[in-house]
Amino acid sequence: MRPPAAWPTEGRIEVDNLVVSYAPDLPPVLKGLTFSVNRNERIGVVGRTGAGKSSLTLALFRFLEAQSGSIHIDGLDISKIRLHDLRSRLAIIPQDPVLFSGTIRSNLDPFNRHTDEELYDCLERVHLIPPGSRSGSSTPTIREEQPSGSTGTTSPKLTLSTPVTESGLNLSQGQRQLLCLARAIATRPKIMVLDEATSAVDMATDALIQRSIRSEFRDATLLVIAHRLSTIADFDRVLVLDAGRVVEFGTPRELWEKEGGVFRGMCEESGERERLKGFIFGEGEASSSRE
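Residues numbered from 1 in each chain as written. Predicted model: local features only at pLDDT ≥ 70, side-chain atom pairs only at ≥ 80, totals over all residues. Heavy atoms only, no water.

We now examine the pairing of strand 1 (residues 13-20). Note: strand 1 against strand 2 (residues 30-37), six bridges, orientation antiparallel. Pairing of V20 across the sheet is with L30, part of strand 2. Direction of pairing for strand 1 relative to strand 4 (residues 66-73): antiparallel, over a ladder of six bridges. Pairing of D16 across the sheet is with S70, part of strand 4. (Pairing = 2+ DSSP bridges. Helix = DSSP H or I, 4+ residues; strand = E, 2+ residues; numbered from the N terminus.)

What follows deals with the nonpolar core. Judged by nonpolar contacts, the single largest core of 49 residues is most densely connected at V46, L123, M192 and F263. Counting residues per element, this core draws most heavily on helix 5 (residues 173-187), at eight residues. (Core = buried A, V, L, I, M, F, W, Y, C linked by side-chain atoms within 4.5 Å. Buried < 20%, exposed > 50% of the residue type's maximum accessible area, 1.4 Å probe, protein only.)

Mean pLDDT over the protein chain stands at 84; residues scoring 70 or higher make up 85%. Mean pLDDT values for the elements of the protein chain range from 42 in helix 10 (residues 284-289) up to 98 in strand 1. A low-confidence stretch, residues 146-156 stays under pLDDT 50, and its non-local contacts, those more than four residues away or across chains, total three contacts. In the predicted structure, residues 284-291 sits below a pLDDT of 50 and forms twelve contacts with residues beyond four places in sequence or in another chain. (pLDDT = per-residue confidence, 0-100. Contact = heavy atoms within 4.5 Å.)

This model, assessed by the stated rule, comprises two aromatic pairs. When the ring of F35 is compared with that of F249, the centres are 6.0 Å apart and the planes differ by 80°; the resulting orientation is edge-to-face. Of this pair, F35 sits in strand 2 while F249 is found in strand 12 (residues 245-250), placing the two residues 214 residues apart along the sequence. Relative to F281, the ring of W256 has its centre 6.5 Å away and its plane inclined at 85°; by these criteria the two rings are edge-to-face. Here F281 lies in helix 9 (residues 273-281) and W256 lies in helix 7 (residues 252-256), a separation of 25 residues in the sequence. The two residues W256 and F281 agree in class, both being buried. The positively charged end of R87 is found above the aromatic ring belonging to F63, 4.0 Å away from the centroid. (Phe/Tyr/Trp six-rings, centres within 6.5 Å; stacked < 30°, edge-to-face > 60°. Lys NZ or Arg CZ within 6 Å of the ring centre and 35° of its normal.)

This paragraph deals with the sheet that holds strand 10 (residues 221-225). Whenever strands of a sheet pair, they do so through backbone hydrogen bonds, lying parallel or antiparallel. The strand order across the open sheet built from six strands is 6-9-10-3-11-12, with neighbouring strands paired in mixed fashion. What marks the edges here is a single partner per strand, and that holds for strand 6 (91-93) and strand 12. Pairs of neighbouring strands in the sheet enclose a mean axial angle of 20°, with direction left out of account. Pairing analysis gives five bridges linking strand 11 (residues 237-242) to strand 12, with the strands arranged antiparallel. Bridge pairing in strand 12 places V240 opposite E248. (Axes fitted to C-alpha atoms, helices over the stretch in contact; angles between N-to-C directions.)

At a minimum axis separation of 10 Å, helix 5 and helix 6 (residues 203-216) run at an interaxial angle of 5°. On the basis of their axis angle, the class for helix 5 and helix 6 is roughly parallel. Here helix 5 contributes G174, Q177, L178, L181 and I185 to the contact with helix 6, which in turn contributes T205, L208, I209, S212, I213 and E216. Across the contact of helix 5 with helix 6, the residue classes tally to six nonpolar, four polar and one charged. (Parallel < 35°, antiparallel > 145°, perpendicular 65-115°, else oblique. Nonpolar A, V, L, I, M, F, W, Y, C, P; charged D, E, K, R; others polar.)

Here we come to the pattern of salt bridges. Scanning the entire structure with this criterion turns up 22 salt bridges. The residue E10 makes a salt bridge to R12 at a minimum N-O spacing of 2.7 Å. Using a relative accessible area of 31% as the deciding quantity, one classes E10 as partly exposed. A salt bridge links E41 to R237; its shortest N-O distance comes to 2.7 Å. A residue pair is termed long-range when its members are at least 10 positions apart, and E41 in the loop between strand 2 and strand 3 (42-46) and R237 in strand 11 qualify at 196 residues. In terms of burial, E41 and R237 fall into one category: buried. Among the ionic contacts, a cluster of salt bridges with common partners joins D121, R125, R188 and E216. (Salt bridge = Lys/Arg side-chain N within 4 Å of Asp/Glu carboxyl O.)

In structure tokens:
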């Protein structure tokens, strides 16, 4: 089935009694998952190792097919939609950013749908171009990270025509993540999935990514599998998985106030209890750092 050209228009997700396994003869990794996500909601997905977080992402993009149950996006059953249509209408930034041999430009805009100015604007929005760097210059340069142990020698700057080697290995991990984020901004998806996208970057790059997510995807549904609880502590709702099942689903404040709850326990054990509480209740540094 071909979805409408503008699908999805709202970004509503409905998961109903979803059962998924990695092979027919293996036990399920998702065991009757049921939850719904509203238009433009920011949902954090948390759980301990093996809870089923990444399996949910694989099911959403149909890398794992449902044994039973369903996922509907804006009312359409994704199992009935052609794979290309499904995967081209959603956006994902995985833990290991995906880049291809080519140039910065071909990675940001593989189908050549955007002008250079539009792409530089996306790079500026993810803070790879210093603010105002484009004024008076037709070839803005992308912010470079100094490698560890650097002597301070200035390395050649990057432009849209700079070559990208296989898997983007000539760029730093942080640069690759930010380029993937810029690519997503260019496509303006209605549903955006981040699968522990900041787990391998430093705190400063993590902060840049989080700032860009909050400012650039206000008109999109966000599903964020969190490596750091602080990245989703001020989201609209938090989905807590355990052993392939939903054990809690509510606002961060509701889950924090649930005595003996799984989310509350994860916050207590994180070593960031007071900082997380600040994020959740919008107090002091926590609320201002999200602006």
